[in-house]
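# Tertiary structure, described
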Amino acid sequence: MDAFGMLDSPEPVGARFEPPQSTGLDEVPTQPPAMSVNGDGNVTTYGNIDQSVTNLLQLIVGKDAADALARAHDREHNGRGLQDREALERLASRYVTPPGLLGEQRGSAFQVLHDRRVLLIAGEGSACGQFSAALRLGYELQEKHPELVVREELADTGFRLQAKTLLVAHEPAAVLVDLRGAGRDEIQNVRRGLVEFTDQLEQYRSYLILIIPHNLAPAFGESFPGRVHRLAKPSSVDVFVRHLTGVENPHELVEKSGVAQCVERLWPPKVKDLAEAVSDRINRGTDPDAALRAVLETESKDPTTTLRAEITRKQQAEDTEWLALLLAAGLLEGASAKHIAVAADTMLEHSNVAREQVIPLLRPSPFTRLHHLGDDYFDLETCELKPPGLGTQVLRHFWREHPDVHDTLLEWIRDLPRQIEDLNRKELERVADRVAELAAEGGADIAVSLADEWARTAAADRSDGAETSDHWKNRYRRSIAVRLLTTTALDASLGRSVRQKLWEWSRDGNADRKLLTAEVCAGIGQVFPRIALTRLKHLATSESETVRRAVLAAVLQIGGELGVSTFLRYMAEWFDDASPARLKILSESVASVLAERTSDIDSAAAVAFWDRALGSMAPDDLRPVAESWLRTAANLEPEERGALVEPLVAATRGDARRIAQLQYASSFGTLPDFTSIGDKRVADSVRHLRTRLDEVHPVWR
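Residues numbered from 1 in each chain as written. Predicted model: local features only at pLDDT ≥ 70, side-chain atom pairs only at ≥ 80, totals over all residues. Heavy atoms only, no water.

### Observations regarding the overall build of the chain
The condition that has to hold: In this text, helices come from DSSP runs of H or I with a minimum length of four residues, and strands from runs of E with a minimum of two, each type numbered from the N-terminal end. Per-residue accessibility, obtained with a 1.4 Å probe over protein chains only, is compared with the maximum for each type, and a residue is labelled buried under 20%, exposed over 50%, and partly exposed between these values. Residue contacts are defined here by distance: any two heavy atoms, one from each residue, within 4.5 Å place the two residues in contact. Residue-level accessible areas treat just the shown protein chains as cover; the underlying method is Shrake-Rupley with a 1.4 Å probe.
In terms of helices and strands, the chain carries 33 helices and seven strands. Taking all 701 residues of the chain together, the buried fraction comes to 54%. In the chain, 76% of the contacts between residues at least 6 apart in sequence involve partners at least 24 apart. For the chain, the accessible surface area stands at approximately 30000 Å², while carbon and sulfur atoms represent 48% of it.

In structure tokens:
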């Protein structure tokens, strides 16, 4: 294999803490580590109610309202994609700057980036804080150029450095691309296109930050001398102190504990995780010194070391009850005892364990059964495994060390949401997050196949006259699938495969898969609008009304989050080869977003939008878009309508053909027949446009 075949795969997100000599995981600031979720921080609605309360709620507020409580919500993806200015500011306030990164002195990473518009970052290992360094540089650029946006772009299959897809006119950007998980072809494409792309950056007033695999730094350095920055390591003790909370003098704590040398050997991402783990124990009432030592001792060991021996002992004793309860507790850690017990029963059934029939009066309660796990492994009060963090390892441990149970494990997880239909929101989210952790161990196919199964419409769920995908039971299961795929779609090691599958489903999937894809795109669209809207563009042509409604809802959600101007820039891509169905969603979404935030529109973005429309659309196809735009203008005061009318005029460039296109596209309805107050306002908007088009027509000028 040549140099391009010797890529380090990105760090498996959520891998356990390694012994102190390891370099650790990369850091994604402000984002909780993916694939290592205990769910305690999830914002829940009635998150710990039992089913009797759910049934009562159904009687009081109606079934539809109660159903809304039993749906998993998307996880936040802060730190990825389109960057929030406040989040970057928080990062800068806690970031310990490595030598040579900032400053305007000759040779600093920032000086190279600012003067030459391109910087390539490499670390000593595959995960040394490169992503955080790139974000910190983006923030520094934004301080000098406030109009700059900072956004990450994903190097998916077929990725190329192309200005038409990565750069936007009138929206200068610092574009961050992480190539550590990219394929050989994508890296070669980047090398081939970098020179031409660099020349275009000046035109767009933009910048490019590439994170490259550490083993390819020499090759890139030869091709692009002076552009490669090898990231240095700052003081790890300073990083630890900066992220530690709950201690008045953290420097003194480190010195008294005698762990400074141990901490100093680690790279910042691992130190950040260490500080947060210590802070968590301190906030729970543990003495700071004891908390630090306990975390160092616990995290430097494999948490399943003692568990492995116990599992072997239980297997030899054929204690299937204990093993099933352990797996159920791992999957549903923190759930109600009843649900964990039911999940254990389901696991026993899938394992073909014959159980003696016991009358209900003699059957042990869920709490009694869970007591069988033992105080060393299970906390009956919280229904969580011990020590903290063990729950995230149970499924991964069985997958890694017991390959014979793979099929049984997947069948059990697949069927569980159908076996237990009263999981509350927190429990649904826990299932999705545990499966994401299992996928980090076993591959993206686990997440994709389970999500596909959960999103599938069951014949038994069909209701008269309604599309099956909208039944409440389907929404219940599909919500787990949506959370699972929105999580794994942005994971460093799993994301490429998941996003590729979403792309395939957006074009060729059945209605259930298309609906799932639309809802996942709504979840990732805030941080990666280009990725989401590209897939939604294809979904807009679906024959299913339910899918089209979901696409419109997703586009509106993304538009509301992006703001009018940025939204218009992304939606301009929808004009290419647009079908009537896609144009309808485009028209409705643009009109809705405009109506909410008309005052926020940037004229350059609006002109670019209409320039693309006039250059690629037939007049008949343009009509619904023009109508929605002018009806929105009609809702404004007469003196304010020019803000929406003038971009249309400017987009004609004074060209007679384009003027004729727009005149025809704006001839919806018959103006004299507009009789209502609203219609008269629309007529005024149309006349305003027609007057301005006459004024710029080359024949009349």
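### A word on the pattern of salt bridges
Oppositely charged side chains may form a pair once their charged atoms are brought near each other. We apply this condition: Salt bridges, as used here, are contacts in which a Lys or Arg side-chain nitrogen is within 4 Å of a carboxyl oxygen on Asp or Glu.
This structure, assessed with the given rule, holds 46 salt bridges. The closest approach of N and O atoms between Glu437 and Arg434, which form a salt bridge, is 3.5 Å. Of this pair, Glu437 and Arg434 both sit in helix H20 (residues 425–442), three residues apart, which is roughly one turn of that helix. Across this residue pair, the class does not change: Glu437 and Arg434 are buried.

### Digging into the nonpolar core
Quick note on the threshold: The nonpolar core is taken to be a set of buried Ala, Val, Leu, Ile, Met, Phe, Trp, Tyr and Cys residues, with the residues joined through side-chain atoms within 4.5 Å.
Counting residues in each nonpolar core, the largest one holds 67 residues, and the members touching the most others are Leu536, Val551, Trp574, Phe609, Trp610 and Trp629. Among the elements that take part in this core, helix H26 (residues 545–562) stands out by supplying eight residues, more than any other. When neighbours within four sequence positions are excluded, Trp610 is seen to be in contact with Leu622, Val625, Ala626, Trp629, Pro647, Leu648, Ala651 and Leu662. Core analysis: the second largest hydrophobic core is formed by 66 residues, Val448, Tyr476, Ala481 and Val498 among them.

### A closer look at the side chain of Asp319
Position of Asp319 relative to the elements: it lies in the loop between helix H14 (305–316) and helix H15 (320–331). The buried category is assigned to Asp319, whose relative accessible area is 17%. Leave out the neighbours within four places in its chain, and Asp319 touches Lys314 and His372.

### Let's talk about the confidence of the model for the chain
We count it as follows: The pLDDT value tells you how sure the predictor is about a given residue, anywhere from 0 up to 100.
In the predicted model, the chain carries a mean pLDDT of 83, and the fraction of residues at 70 or more is 85%. Element-level mean pLDDT values for the chain span from 38 in helix H1 (residues 51–61) up to 97 in strand E4 (residues 207–211). Predicted confidence is poor over residues 459–466, with pLDDT under 50, and the contacts of this stretch with residues over four places away or in other chains come to seven contacts.

### Brief notes about the sheet that holds strand E5 (residues 228–230)
How we decide: Strands qualify as paired when DSSP identifies two bridges or more between them. With axes taken as lines fitted to C-alpha atoms, and helix axes fitted only over the stretch in contact, angles between N-to-C directions fall between 0 and 180 degrees.
If you trace the five strands from one edge of the open sheet to the other, you get E2-E3-E4-E1-E5, paired in parallel fashion. Where the open sheet ends on each side, the last strands, each with one partner, are strand E2 (149–153) and E5. Taking the axes of each pair of neighbouring strands and ignoring which way they run, one obtains an average angle of 20° across the sheet. Two elements, strand E1 (residues 118–122) and E5, share three bridges in a ladder whose sense is parallel. Paired with Leu120 across the bridge in E5 is Val228. Most of the contacts of helix H4 (residues 109–116) go to E1, to which it runs at about 150°, and overall it touches E1, E4 and E5.

### Here's the deal with the packing of aromatic side chains
The line we're drawing: A pair of aromatic rings is counted whenever rings of Phe, Tyr or Trp (Trp by its six-membered ring) have centres within 6.5 Å, and the orientation is called stacked for planes under 30 degrees apart, edge-to-face for over 60 and tilted otherwise. Working rule: Lys NZ or Arg CZ, within 6 Å of ring centre, within 35 degrees of ring normal, means a charge sits over the ring.
Counted under the stated rule, the structure contains six aromatic pairs. A centroid spacing of 5.7 Å and a plane angle of 85° characterise the contact between Phe609 and Trp610, whose relative ring orientation is edge-to-face. Like Phe609, the residue Trp610 is buried in the burial classification. Using a relative accessible area of 0% as the deciding quantity, one classes Phe609 as buried. Each residue in the set Phe575, Phe609, Trp610 and Trp629 is aromatic and connected to the rest through ring pairs, giving one cluster. The residue whose ring lies beneath Arg117 is Tyr207, and the NZ or CZ to ring-centre distance is 4.7 Å. Over the ring of Tyr664 we find Arg623, and its NZ or CZ is 4.5 Å from the ring centre.

### Quick notes on a nonpolar patch on the surface
Selection rule: The residues that make up patches have over 30% relative accessible area and no salt bridge, and they are joined within 9 Å when like-charged or within 5 Å when they are Val, Leu, Ile, Met, Phe, Trp or Tyr.
A surface patch of nonpolar side chains, about 430 Å² in accessible area, is lined by Val358, Ile359, Leu361 and Leu362. Note that Leu361 resides in the loop between helix H16 (337–350) and helix H17 (366–371). Exposure remark for Leu361: the relative accessible area of 77% places this residue in the exposed category.

### Quick word on a negative patch on the surface
The criterion, for reference: Charge counting treats Lys and Arg as positive and Asp and Glu as negative, with His and both chain ends excluded. In plain terms, the charge of a residue is placed at NZ if it is Lys, CZ if Arg, CG if Asp and CD if Glu.
There is a patch of like negative charges on the surface, built from Asp84, Glu86, Glu89 and Glu143. Structurally, the position occupied by Glu143 is in helix H5 (residues 130–144).

### Details of the environment of Ser479
With respect to the secondary-structure elements, Ser479 resides in helix H22 (residues 472–488). For Ser479, a relative accessible area of 4% corresponds to the buried category. Ser479 sits 47 residues away from Ala432 along the chain, and the two C-alpha atoms are 9.0 Å apart. Not counting the four nearest positions on each side in its chain, Ser479 is found in contact with Arg71, Ala72 and Leu428.

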